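# Structural description and commentary
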Amino acid sequence: ETGVTQTPRHLVMGMTNKKSLKCEQHLGHNAMYWYKQSAKKPLELMFVYSLEERVENNSVPSRFSPECPNSSHLFLHLHTLQPEDSALYLCASSQERTDYGYTFGSGTRLTVV
Amino acid sequence: DQQVKQNSPSLSVQEGRISILNCDYTNSMFDYFLWYKKYPAEGPTFLISISSIKDKNEDGRFTVFLNKSAKHLSLHIVPSQPGDSAVYFCAARSTGGGADGLTFGKGTHLIIQP
């Protein structure tokens, strides 16, 4: 139990589907993050939320839509994805946005067919 | 362009010997460096970190060395144990007003041979 829980663990979706990834942290942290890990590439920062406000969007395509309804929950809404979006999506949290140490969830393995 | 580089995709070390994982960076604004360890089907977990004002930080079997002039850091694990087999990610961040979030390398897969 890492304190950061991601669901589902695995997801297969068609290119016309709409799905959502969920992240929940039980650590009382104020900042949450979405990272993408593709094969043979570094972890790529997608979105940063601090106190439920989005503070960073690293040029992510609009087919990825984040939502942070409160400091404990983070969603990534997916629609009309492409096969190249298949990857491991990792959620992380930290006490504050300026903290150095992140706690990661186990990730959602997404396959777009 | 990658700002954090781990040039060895994999490394095989015999149990009991020293494992040395290397990381290079290009951004002079980075002032804090971290190593994360990742097992299959799990998220990365924090291992050890070092501030740019130091050149060494030790925690049990793990030691991180920082050479600022060379923009190079390394993680030493001694003695290596079978449970150390995992992917190790080097990460860095800056506090000088740069983008939030950690910048990661591609990772090095460490395999400890019995």
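## A word on the overall build of chain B
- Within chain B one finds zero helices and eleven strands.
- Its helices and strands in sequence order give chain B the pattern β-β-β-β-β-β-β-β-β-β-β, from N to C terminus.
- Computed over the C-alpha atoms, the radius of gyration of chain B is 14 Å, within 12% of the 13 Å expected from 2.2 N^0.38 for a compact globule of 114 residues.
- Counting over 114 residues, chain B shows a buried share of 45%.
- The contacts of chain B with a sequence gap of at least 6 include a subset with a gap of at least 24, amounting to 55%.
- When the accessible surface of chain B is summed, it comes to about 5500 Å², and 49% of that surface belongs to carbon and sulfur atoms.
- If the 11 positive side-chain charges of chain B are averaged to one point and the 10 negative ones to another, these points end up 3 Å apart.

## What to know about the sheet that holds strand S1 (residues 4–7) of chain A
Residue and element names in this part refer to chain A.
- Taken in spatial order, the four strands line up as S1-S3-S8-S7 in an open sheet, and their pairing is antiparallel. Looking along the sheet, the strands with just one partner apiece sit at the ends: S1 and strand S7 (64–70). Between one strand axis and the next, the sheet turns by 20° as a mean value, whatever way the strands run.
- Where S1 lies against strand S3 (residues 18–25), four bridges are found, and the strand directions are antiparallel. In the sheet register, Thr7 faces S3, and the bridge partner there is Lys22.

## Quick notes on the state of the cysteines
Residues and elements named next belong to chain B.
- Using the criterion set out here, one finds two disulfides over all chains in the structure.
- The disulfide that involves Cys23 links it to Cys90, with 2.1 Å between the sulfurs. Between Cys23 and Cys90 the sulfur-sulfur dihedral comes to about -75°; the bridge is accordingly left-handed. A residue pair is termed long-range when its members are at least 10 positions apart, and Cys23 in strand S3 (residues 19–25) and Cys90 in strand S9 (residues 86–94) qualify at 67 residues. Neither residue differs from the other here; Cys23 and Cys90 are each classed as buried.

## Focus on the packing of aromatic side chains
- One pass over the structure, following the stated rule, counts 14 aromatic pairs over all chains.
- Ring plane angle 85° and centroid distance 5.6 Å describe the contact between Phe104 of chain A and Tyr36 of chain B, whose orientation is recorded as edge-to-face. Residue Phe104 of chain A is located in strand S10 (residues 103–104), and its partner Tyr36 of chain B is located in strand S4 (residues 30–38); the two belong to separate chains. Per residue, the accessibility class of Phe104 of chain A equals that of Tyr36 of chain B, and both read buried.
- For the pair Phe89 of chain B and Phe104 of chain B, a centre-to-centre distance of 6.4 Å together with 85° between the ring planes defines the contact as edge-to-face. Remark: Phe104 of chain B occurs in strand S10 (residues 103–104) and Phe89 of chain B occurs in strand S9; sequence separation between them is 15 residues.
- In this structure Phe89 of chain B comes out as buried when scored by relative accessible area, which is 1%.
- Overall, Phe104 of chain B belongs to the buried group, its relative accessible area being 2%.
- Aromatic ring contacts, followed pair by pair, group Tyr33, Tyr35, Tyr102 and Phe104 of chain A together with Tyr36, Phe46, Phe89 and Phe104 of chain B into a single cluster.

## A few points about the pattern of salt bridges
All names here are of chain A.
- Considering all chains together, one arrives at four salt bridges over all chains under this definition.
- With a shortest N-O distance of 3.9 Å, Glu44 and Lys41 are connected by a salt bridge.
- Exposure remark for Glu44: the relative accessible area of 31% places this residue in the partly exposed category.

## Looking at the interface of chain B and chain A
- Across the contact, 20 residues belong to chain B and 22 residues belong to chain A.
- Summing both sides of the interface, chain B and chain A together bury roughly 1600 Å²; the carbon and sulfur share of this comes to 59%.
- Here chain B and chain A share zero salt bridges between them.
- Between chain B and chain A we count six residue pairs in polar contact (both at pLDDT 80 or more) in total.
- Listing elements by their share of the side of chain B that touches chain A, those giving two or more residues are S4 and S9 of chain B.
- Counting residues per element, the side of chain B that touches chain A draws most heavily on S4 of chain B, at five residues.
- Broken down by class, the residue content of the side of chain B that touches chain A amounts to nine nonpolar, five polar and six charged.

Rules behind the numbers
- Residues numbered from 1 in each chain as written.
- Chains lettered and ligands numbered in written order.
- Predicted model: local features only at pLDDT ≥ 70, side-chain atom pairs only at ≥ 80, totals over all residues.
- Heavy atoms only, no water.
- Helix = DSSP H or I, 4+ residues; strand = E, 2+ residues; numbered from the N terminus.
- Rg over C-alpha atoms; globule rule 2.2 N^0.38 Å.
- Buried < 20%, exposed > 50% of the residue type's maximum accessible area, 1.4 Å probe, protein only.
- Contact = heavy atoms within 4.5 Å.
- Areas by Shrake-Rupley, 256 points an atom, 1.4 Å probe, with all protein chains shown as cover.
- Lys, Arg positive; Asp, Glu negative; His and termini not counted.
- Charge placed at Lys NZ, Arg CZ, Asp CG, Glu CD.
- Pairing = 2+ DSSP bridges.
- Axes fitted to C-alpha atoms, helices over the stretch in contact; angles between N-to-C directions.
- Disulfide = S-S within 2.5 Å.
- Phe/Tyr/Trp six-rings, centres within 6.5 Å; stacked < 30°, edge-to-face > 60°.
- Salt bridge = Lys/Arg side-chain N within 4 Å of Asp/Glu carboxyl O.
- Buried area = accessible area lost by both parts, 1.4 Å probe.
- Polar contact = N/O pair within 3.5 Å; in protein donor to acceptor, adjacent residues only side chain to side chain.
- Nonpolar A, V, L, I, M, F, W, Y, C, P; charged D, E, K, R; others polar.

Just distances and angles here, no functional claims.
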